[in-house]
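These are the residues of each chain, in order.
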Amino acid sequence: MIRFAAVLFAAAFAAGCAGPPEAPPPAAAIPTKAPGGHWRVTQAQAAAPMPTSESPYLGQVLALDDTGAGAPSGRFCDNPAYAGRTAVAADILGTTVRPAEARDAEPRPVTQVTCGDEDFGHYLHLADGTLLTRVNDWVLRLEPTPKPEPAPAAAAAAPTSPPPPAAQAPAPRRLVYLASYRTEKAALAGWAALAKASPVLRSQEPVT
């Protein structure tokens, strides 16, 4: 009986000291259409002290459509899902002081991109048609841009005539033994007799 009373007292004390009710959770995301098209990062502002003012994301072009979704970091998802909700800028961009839209307390539309179970990005829609997102410690502004043209293929090299065949080395000379003589004079006389008898030998030169 004493233990039960203590429990009741603790519950009543906690209820009396409770603070103001918590803010309602943000609206749940519901499936929505993709923003569509291609988007270029045209502005990058640091949301925290950075060792450099050069953002690696500036100039990146990414797709946000049903056939695929890119990310400023270079990742790509070929089967993205899109969901929409409303949120204030600080929920997406953090408590950064730049750009000025980051301090806007008015809820704005947000597109959430997922790739399977992976969170692939949150994009805050502004009235001028641009998007704001945060990647690591950079707040990025994206503007719609035409689809980048593929790099032109290298021109096919003009056909060239095949190189002339290399000159063939002359066939090695073949020697055929015909006869033996005691003197060069006798050998020449013997050659004359043989050449007279053979048309093949008649066009050759003897070697003694």
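Within every chain, residues take consecutive numbers counted from 1 along the sequence as written. Reporting of local features is limited, given that this is a predicted model, to residues whose pLDDT is at least 70; pairs of side-chain atoms are given and counted only at 80 or more, and all residues count toward the totals for whole chains, interfaces and linings. Derived side-chain values reflect all non-hydrogen atoms in the structure, with water molecules and hydrogen atoms excluded from consideration.

Here we come to the overall build of the protein chain. The helix and strand inventory of the protein chain stands at 4 helices and 10 strands. Any two residues having at least one pair of non-hydrogen atoms within 4.5 Å are treated as being in contact. A separation threshold of at least 6 residues defines the contact pool for the protein chain, and within that pool the share at least 24 residues apart is 54%. By the criteria applied, helices consist of DSSP H or I runs no shorter than four residues and strands consist of E runs no shorter than two, each listed in order from the N terminus.

To continue, consider the state of the cysteines. Counting rule for disulfides: a pair of cysteine sulfur atoms within 2.5 Å. Enumeration over the complete set of coordinates arrives at 1 disulfide. With its sulfur 2.1 Å from that of its partner, Cys-77 forms a disulfide with Cys-115. One disulfide, between Cys-77 and Cys-115, carries an S-S torsion of 85 degrees and so falls in the right-handed class. Taken as a pair, Cys-77 in strand E5 (residues 76–77) and Cys-115 in strand E7 (residues 108–115) lie far apart in primary sequence, 38 residues in all. Only protein chains enter the accessibility calculation, which uses a 1.4 Å probe. A residue is then buried if its area is under 20% of the maximum for its type, exposed if over 50%, and partly exposed in between. Judged by relative accessible area, which is 22%, Cys-115 ranks as partly exposed.

Per-residue confidence for the protein chain gives a mean pLDDT of 80, with 77% of residues at or over 70. Long-range and interchain partners of residues 1–24, a stretch whose pLDDT sits below 50, account for 0 contacts in this model, where long-range means more than four residues apart. What pLDDT expresses is the predictor's confidence in each residue, scored from 0 to 100.

This part takes up the sheet that holds strand E2 (residues 38–46). Strands pair, by our definition, only if DSSP identifies at least two bridges between them. Read across the open sheet, the 10 strands follow the order E1-E6-E7-E8-E9-E10-E2-E3-E4-E5; overall the sheet is antiparallel. Of all the strands in the sheet, just strand E1 (30–31) and E5 have a single pairing partner and so form its edges. Looking at chain direction, E2 and strand E10 (residues 138–145) are connected through 8 bridges and run antiparallel. Counterpart to Gln-43 in the pairing with E10 is Arg-141.

What follows concerns the nonpolar core. Remark: nonpolar core denotes a set of buried residues (Ala, Val, Leu, Ile, Met, Phe, Trp, Tyr, Cys) joined through side-chain atoms within 4.5 Å. Counting 19 residues, the largest nonpolar core has Leu-64, Val-113, Tyr-123, Leu-140 and Leu-142 as the members making the most contacts within it. Residue assignment for this core shows that the elements contributing at least two residues are E2, strand E3 (61–65), strand E8 (118–125), strand E9 (131–135) and E10. Listed in part, the 10 residues of the second largest apolar core include Ala-87, Leu-93, Leu-126 and Leu-132.

In an α-helix, one full turn covers 3.6 residues, which means residues spaced three or four apart are oriented alike. To estimate the expected span of a helix, subtract one from its residue number and multiply by 1.5 Å. With 14 residues, helix H3 (residues 184–197) should cover 20 Å at 1.5 Å per step; its first-to-last C-alpha distance of 20 Å lies within 8% of that length. Taken residue by residue, H3 has Ala-187, Gly-190, Trp-191 and Ala-195 as its buried positions. Projected down its long axis, H3 shows its buried positions confined to an angular sector of 135 degrees, all on one face. Of the exposed residues in H3, those oriented more than 90 degrees away from the buried face are Lys-185, Lys-196 and Ala-197. The arc in question is formed by the directions pointing from the helix axis toward the C-beta atoms.

Further remarks concern the pairing of E9. Judged by how many residues are buried, E9 sits mostly within the fold: 4 of 5 residues are covered. Relative to E9, E8 is paired through 2 bridges, and the arrangement is antiparallel. Of the residues in E9, the one forming a bridge with Leu-124 is Leu-132. Two successive antiparallel strands, E8 and E9, enclose a turn made up of 5 residues, where Gly-129 displays a positive phi of approximately 90 degrees.

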